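# Descriptive analysis of the structure
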Number of protein chains: 2
Amino acid sequence: MYVKEEIVEEEKLSDIINKKKENIKYMKGMKIPENILAISNLKEVIDDADLLIFVLPHQYLDNVLDEIVQNNNLKKNARAISLIKGIKMVRSKPQLLSDIIEKKLDIECLALSGSNIAESFVYLYSCCLLSWIYYDLMYKNRLYLFQNYNRNFFFFVHLHLWCYYFICGALKNVIALGVGFIDGLTASYNTKSAIIRIGLEEMKKFAKMFFPNVLDETFLDSCGLADLITTCLGGRNFKCAKEFAKRKGRDSWELIEAELLNGQKLQGIDTTKEVYDVLEYHQLKTEFPLICTIYEISFQKKNPCSIIDVLSTKKLRNIKYK
Amino acid sequence: MYVKEEIVEEEKLSDIINKKKENIKYMKGMKIPENILAISNLKEVIDDADLLIFVLPHQYLDNVLDEIVQNNNLKKNARAISLIKGIKMVRSKPQLLSDIIEKKLDIECLALSGSNIAESFVYLYSCCLLSWIYYDLMYKNRLYLFQNYNRNFFFFVHLHLWCYYFICGALKNVIALGVGFIDGLTASYNTKSAIIRIGLEEMKKFAKMFFPNVLDETFLDSCGLADLITTCLGGRNFKCAKEFAKRKGRDSWELIEAELLNGQKLQGIDTTKEVYDVLEYHQLKTEFPLICTIYEISFQKKNPCSIIDVLSTKKLRNIKYK
């Protein structure tokens, strides 16, 4: 397991993990299996690896991929799985992170996405529904790759979604900010549900704009609706946005992130900016009142209360997809 | 306003409401407007009424309608709106409650359904999104009837759903029991979201079985998804099921209802029974693992933990509607 080195309590994080079998900074309380070794040298990790599993904030992906390419020690027949949620815009069009991995490393890359929050894994509170997303072309190989990984609390379902899941995985973090704002102002389930509902509509609309062949059912899958609800009720973006609204937008995101997340990264903020830029570029801001309001609250000092105004937008009911 | 008479703190409930302008038993803390009068005589209420608004547990609907018919003083041109959520099975087929009102009283009846919990109205915590459901035939008249009722915290949207909303309004209470069971056992958002997601699938499947023309989008509306989420997070059925699971199914629903609801009625329990009977009658139990498991936990002493097993049902992914 590659670990970006840092000093925690005057010791190297990789050393702490290997000694205590616990990442005391980012995953306190989670027992790491004995056979997993933390290594801070990326070249050493990649050497001899058959399967690369990417789980990192999407901001760091480019650097990591560049380093792997430079090291030039990746096996030709290695494969990758991406668990990264985020969105990458290339000339104002969203791109699949798994595609970026495939292209840069010239190996196959699958993606996993589902309804889960890291903390729940830590405590194994519950079942975690993960949906396995695959590309049709490589069905047999890939099915083989995963069929032994099912557990009774963690299992895969293979879906023909190949392009939607990552839009969903990215945009749900934006919507979670909206739900967080409302939760910082009021305790009502009604309003939170309404934001989630409108959020799903805008996610669907955004996805259909760039990937017109996406099936409607995919939005209702574990990596869609279930992940959206989970994230909107207890994820990092929700928690930080709640705090942002409570402090009436007076404190910066950086400050809130530092105070609440202990070094972890807030995905929704960057994604909101990227998605807003795309909407502006394509002159579509009026079609996405929720996402735009979340942007304005987050970056333009708009009153968090104004999220309520989105609920009276009549337009949403008559969405016409292109 | 018709009030079923009962004695509260040695006084008639209708007298208390008229004196204090508050229903101290069922809606404590809610100020009732000065111009609303509580009357325990149904005949007196109906006399001269232009618009009848039905808001009562669906178990009592038949009796109330029978009494109105017997009294024989309903205006010919009166209209009705139903806010009742529930399901009525006639020869193992679900029937619209608004249709029942229309037929028995021979007047037009609309229906309102949306994402709301009574307590939120009481405290006006928030925006309440109500979807107005109408029948296409009478569009103009009915639009006219409601267009002045919009408020900034309460507004109507007209939908062409005429048959779905009530299935959704009824079944969401069943799903909320499932989410309550899981919440009584664990604190994970993942699992709750998964149950909500599977619940929506089964609701959709059930509705499509009896009303094949229902549009997919309707499930994502305020009276669908938003109401489902709201109910599953904070409604009565959720709360009572949580308690039921905590007590490991040892206490009866009647006891829990009495202890937690202060005389209010739990809708989901009756609905679960009715829906289960329909599934049994049509030999469709295996197609609805969530609803059937909720039934078995509720009435057949099945362990509440078994709700988890539903999550590993692979079948759901490949739902084929008839």
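This is a predicted model, so every value here is computed, not measured.

About the criteria used
- Residues numbered from 1 in each chain as written.
- Chains lettered and ligands numbered in written order.
- Predicted model: local features only at pLDDT ≥ 70, side-chain atom pairs only at ≥ 80, totals over all residues.
- Heavy atoms only, no water.
- Helix = DSSP H or I, 4+ residues; strand = E, 2+ residues; numbered from the N terminus.
- Contact = heavy atoms within 4.5 Å.
- UniProt positions renumbered as here; feature names shortened; annotations may be inferred.
- Buried < 20%, exposed > 50% of the residue type's maximum accessible area, 1.4 Å probe, protein only.
- Core = buried A, V, L, I, M, F, W, Y, C linked by side-chain atoms within 4.5 Å.
- Axes fitted to C-alpha atoms, helices over the stretch in contact; angles between N-to-C directions.
- Parallel < 35°, antiparallel > 145°, perpendicular 65-115°, else oblique.
- Left-handed = near helix turned anticlockwise from the far one by under 90°.
- Nonpolar A, V, L, I, M, F, W, Y, C, P; charged D, E, K, R; others polar.
- Arc of directions from axis to C-beta.
- Phe/Tyr/Trp six-rings, centres within 6.5 Å; stacked < 30°, edge-to-face > 60°.
- Lys NZ or Arg CZ within 6 Å of the ring centre and 35° of its normal.
- Pairing = 2+ DSSP bridges.
- Right-handed = clockwise from strand over helix to strand, strands pointing away.
- pLDDT = per-residue confidence, 0-100.
- Salt bridge = Lys/Arg side-chain N within 4 Å of Asp/Glu carboxyl O.

Once that is clear, we can look at the overall build of chain A. Broken down by element type, chain A carries 13 helices and 10 strands. Summarising the internal contacts of chain A: among those between residues at least 6 apart in sequence, 69% fall at separations of at least 24.

All names here are of chain A. Following the UniProt record, one finds the feature "binding site: substrate" (unreviewed entry) at Lys85, Arg236 and Asn237. The named residues occupy 153 residues along the chain; their greatest pairwise C-alpha distance, 13.1 Å, places them in one compact cluster. Within the secondary structure layout, lysine 85 lies in the loop between β4 (79-82) and β5 (88-90). Given a relative accessible area of 16%, lysine 85 falls into the buried group. Positionally, arginine 236 belongs in helix α10 (residues 236-246). If we skip the residues at most four places from it in the chain, arginine 236 touches Leu261, Gln264, Lys265 and Leu266.

So, on to the nonpolar core. Residues Phe181(A), Phe206(A), Trp253(A), Phe181(B), Phe206(B) and Trp253(B) are the most contacted members of the largest nonpolar core, which totals 112 residues. Those residues in contact with Phe181(A) that sit more than four places away from it in its chain are Ala241(A), Lys242(A), Phe244(A), Ala245(A), Trp253(A), Ile294(A), Ile297(A), Ser298(A) and Ile307(A). Counting 20 residues, the second-largest nonpolar core is a separate cluster that includes Ile46(B), Leu56(B), Ile100(B) and Leu105(B).

All names here are of chain B. With their axes 10 Å apart at the nearest point, helix α10 (residues 236-246) and helix α11 (residues 253-261) run at an angle of 120° to one another. It follows from the interaxial angle that α10 and α11 lie oblique. You can see that α10 and α11 cross each other, and the crossing is right-handed. Seen from α10, the contacting residues are Arg236, Lys239, Cys240, Ala241, Glu243 and Phe244; seen from α11, they are Trp253, Ile256, Leu260 and Leu261. Each residue belonging to the contact of α10 with α11 can be placed in one class, and the counts come to seven nonpolar, no polar and three charged.

Residues and elements named next belong to chain B. All buried positions along helix α1 (residues 13-20) are accounted for by Leu13, Ser14, Ile16 and Ile17. Down the axis of α1, the sector holding all buried residues measures 160°, keeping them to one side. Lining the buried residues of α1 we find β1 (7-8) and β2 (11-12). Of the residues trailing α1, lysine 21 is marked for its positive phi of about 55°.

This part takes up the packing of aromatic side chains. Here a ring pair, both rings aromatic, is described through the centre-centre distance and the interplanar angle of the planes. Residues and elements named next belong to chain A. Overall, the coordinates contain 12 aromatic pairs over all chains when judged by the stated rule. Each ring, one from phenylalanine 206 and one from phenylalanine 288, has its centre 6.1 Å from the other, and the planes form 80°; the classification is edge-to-face. With phenylalanine 206 in helix α8 (residues 189-210) and phenylalanine 288 in the loop between α12 (267-281) and α13 (289-299), this residue pair connects regions lying 82 residues apart in the sequence. Each residue in the set Phe181, Phe244 and Trp253 is aromatic and connected to the rest through ring pairs, giving one cluster. The side chain of lysine 205 reaches across the aromatic face of phenylalanine 288, ending 5.2 Å from its centre.

All names here are of chain B. Tracing the backbone through its elements, the reader meets glutamate 22 in the loop between α1 and α2 (42-46). When the C-alpha positions of glutamate 22 and isoleucine 195 are compared, they lie 37 Å apart, and in sequence the two are 173 residues distant. Setting aside residues no more than four positions away along its own chain, glutamate 22 makes contact with Ile16, Ile17, Met27, Lys28, Gly29, Met30 and Ile32.

Residues and elements named next belong to chain A. Along helix α3 (residues 61-71), the positions that sit buried rather than exposed are Leu61, Val64, Leu65 and Ile68. Buried residues of α3 fall within an arc of 95° about the axis and therefore sit on the same side. Turned more than 90 degrees away from the buried face of α3 sit Asn63 and Gln70, all of them exposed. Looking at the buried residues of α3, the elements they touch are α2 (42-46), β3 (51-54) and α4 (97-105). Backbone geometry just after α3 places asparagine 72 at a positive phi near 55°.

Here we take up the pairing of β4(A). All names here are of chain A. For β3 and β4, the ladder comprises four bridges, and the chain directions are parallel. Across the sheet, phenylalanine 54 pairs through a bridge with serine 82, a residue of β4. The parallel pair β3 and β4 is bridged by α3, and the resulting crossover is right-handed.

For the rest of this paragraph, the subject is the environment of Asp270(B). Within the fold, Asp270(B) resides in helix α12 (residues 267-281). Along the primary structure Asp270(B) and Ala80(B) are separated by 190 residues, whereas in three dimensions their C-alpha atoms are 25 Å apart.

All names here are of chain A. Summary statistics for chain A give a mean pLDDT of 79 and a share of 80% for residues scoring 70 or more. Per-residue pLDDT, averaged within each element of chain A, yields its smallest value for strand β8 (residues 128-133) (37) and its largest for α13 (96). Low pLDDT, under 50, characterises residues 316-322; the predicted model gives this stretch 16 contacts beyond four residues in sequence or across chains. Both confidence scores are given for the complex: pTM 0.75, ipTM 0.72.

A word on the pattern of salt bridges. Residue and element names in this part refer to chain A. Inspection of the entire model under this criterion finds 33 salt bridges over all chains. A salt bridge links glutamate 287 to lysine 205; the nearest nitrogen and oxygen atoms lie 2.7 Å apart. Linking glutamate 287 in the loop between α12 and α13 with lysine 205 in helix α8, this pair joins segments that are 82 residues apart in sequence. Looking at glutamate 287, the relative accessible area reads 24%, which means it is partly exposed.

Residues and elements named next belong to chain A. Axis separation between helix α9 (residues 222-234) and α10 bottoms out at 5 Å; the angle between their running directions is 35°. As α9 runs across α10, the sense of the crossing is right-handed. Each of Thr231, Cys232, Leu233 and Gly234 in α9 lies in contact with α10, whose residues at this interface are Arg236, Phe238 and Lys239. Looking at the contact of α9 with α10, its residues break down into three nonpolar, two polar and two charged.

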